[in-house]
Amino acid sequence: PQIKSSASKPNLSASSFDALLGAQFEKIAEVSPTEIPLSQIRFVEQPRKHFDPVQLEQLSASIREHGVLQPVLVRHDGLNFLLIAGERRCRAAKMAGLSEIPARVLNISETQARTVATVENLSRADLNPLEETEAVLSLLENRYAEDRSKVLERLRKRRDLERGRSGHNVMSTEDAAELDAFFSALGRFGAGSFFVNRVPLLKMPDSLKAAVLGGRLEYTKASLLAKIADTEKREALLERTLKESLSLSQIRALLTDSKAESGALERFKTSLGKPLSKLEPKLRRRAEKLLEELQLLLES
C-alpha cells in the first residue's frame, strides 16, 4: 500500500470532511475518476509548501509497485487542468515514470477549489505546523468570507469567551457554537487553543519559520526561541539547537541560566553606581568601558 503518515493525528472522517466543505459542494466521492496526462496538470499554490524528499521517494516506490491508489483532484482550465489537491502524488508519479494519473475532475469555482484543497490536505497528509496554521485560517476566511484580520478577531473573541471575559465586544453563544463545530470537525484543537498556540507561529522571525518549514525544528521549540528579543542571541541558540538537537527542556534551562546571569550582572553594575559616581570623569569612563567589555564577554 502507499505510504501512510507517521503522525498521530487521524485523518478526517467522511462526515467531518463533508461538514467542513458544506452542503454547497458536490459529493467528491461521487465523481468518477479518469486517467489524465500528467503533462496537462498545472500546479497552483497549495497549502503544502514543503515536500520531504525521503517520503516522496518512498511514495514513488510505492506507486511503482501498486500504482496511484487515491485519485488527485483537478478542475478544467481550457484544454488543461488545474490541480486542486494531490501535488505530492503527482510529483511521486512523475518520479515513478508514469505519464498519466487517476483524477477526479470537479466542476467548481476557484474559491471552492481553494477550500477543497485545504480540507483535502488537512485530511490526508501531515502538513507542517506553519502550513497547517495557514491552511486552517484560509479555510476560515473562505467559510466566513472575511479577511485575515476579521478571522483572527473572531478567534480572539472565542478565546476571551473561554476565559470568562465579558463586555460589549463578546462573541454570541451561537457564533461560538458554530466556530466550535468547525474545529470539532477538524478534530485537532479548539478555537481558543488554536488562537493561543498556533497563530503566534505566523509572527516568528523568518529564520525560525524556515527551520520549521524545512522540518528541522519542532514548532514548540520555535515558539520558545521566538521569545528571545535579542536577534544575535536567538540566532546563536537556534544554530546550537539544530546542531546539538537540543530538547525543549534543555533550551528552557539555557534561557533560565542566561536570564540569571544577566540579572546578576545588572545587580553588580547597580551596586557600583555610587562608587563610580565618586570617580574622576576619566576614570569613570574607563570603568564603564571595562564593565561593557565584561558584559560582552559573559554574553559570548
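The rules behind each value
- Residues numbered from 1 in each chain as written.
- Predicted model: local features only at pLDDT ≥ 70, side-chain atom pairs only at ≥ 80, totals over all residues.
- Heavy atoms only, no water.
- Helix = DSSP H or I, 4+ residues; strand = E, 2+ residues; numbered from the N terminus.
- Buried < 20%, exposed > 50% of the residue type's maximum accessible area, 1.4 Å probe, protein only.
- Areas by Shrake-Rupley, 256 points an atom, 1.4 Å probe, with all protein chains shown as cover.
- Expected span 1.5 Å × (residues − 1).
- Axes fitted to C-alpha atoms, helices over the stretch in contact; angles between N-to-C directions.
- Parallel < 35°, antiparallel > 145°, perpendicular 65-115°, else oblique.
- Left-handed = near helix turned anticlockwise from the far one by under 90°.
- Contact = heavy atoms within 4.5 Å.
- Nonpolar A, V, L, I, M, F, W, Y, C, P; charged D, E, K, R; others polar.
- Salt bridge = Lys/Arg side-chain N within 4 Å of Asp/Glu carboxyl O.

1. Quick notes on the overall build of the protein chain
Then, in step 1: Across its full length, the protein chain holds 14 helices and five strands.
Then, in step 2: Looking at the protein chain as a whole, 38% of its 300 residues qualify as buried.
Then, in step 3: Element-wise, carbon and sulfur atoms account for 51% of the exposed surface of the protein chain, whose accessible area totals about 17,400 Å².

2. Quick notes on unusual backbone geometry
Then, in step 1: Phi is positive for A145, which is not a glycine, with a value near 55°.
Then, in step 2: One can find A145 in the loop between α5 (129-144) and α6 (148-162).
Then, in step 3: Judged by its relative accessible area of 71%, A145 is exposed.
Then, in step 4: Positioned with a positive phi, S245 is a non-glycine residue whose angle comes to about 50°.
Then, in step 5: Following the sequence through the fold, S245 ends up in the loop between α11 (231-244) and α12 (248-271).

3. Quick notes on α5
Then, in step 1: Helix length check: α5 (16 residues) gives 23 Å between terminal C-alpha atoms against 22 Å at 1.5 Å per residue, within 8%.
Then, in step 2: With respect to burial, α5 is a largely interior element, 12 of its 16 residues being buried.
Then, in step 3: Where α5 is concerned, the buried positions are P129, L130, E131, E132, T133, A135, V136, L137, L139, L140, E141 and Y144.
Then, in step 4: Looking one or two places after α5, you find A145, whose phi comes out positive at around 55°.

4. Observations regarding the packing of helix α9 (residues 206-213) against α11
Then, in step 1: It is at 10 Å that the axes of α9 and α11 come closest, and there the two elements cross at 20°. Classified by the angle between their axes, α9 and α11 sit roughly parallel to one another. As α9 runs across α11, the sense of the crossing is left-handed. Contact with α9, carried on its side by S207, L208 and A211, involves R234, E235 and L238 of α11 and no other residues of that element.
Then, in step 2: Each residue belonging to the contact of α9 with α11 can be placed in one class, and the counts come to three nonpolar, one polar and two charged.

5. Observations concerning the pattern of salt bridges
Then, in step 1: In this structure the tally under the stated criterion is 15 salt bridges.
Then, in step 2: Salt-bridge contacts for E134 lead to R148; the nearest nitrogen and oxygen are separated by 3.0 Å. With a gap of 14 residues between them, E134 in helix α5 and R148 in helix α6 connect regions that are remote in the sequence.
Then, in step 3: Between D180 and R158 there is a salt bridge; the shortest N-O distance is 2.8 Å. You can see D180 sitting in helix α7 (residues 173-186) and its partner R158 sitting in helix α6, a full 22 residues away along the chain.
Then, in step 4: By relative accessible area, D180 is classed as partly exposed at 29%.
Then, in step 5: The exposure class of R158 is buried, given its relative accessible area of 11%.
Then, in step 6: One connected set of salt bridges, linked through shared partners, spans E153, R156, R159 and D160.

Functional significance is not addressed by these values, which are geometric in nature.
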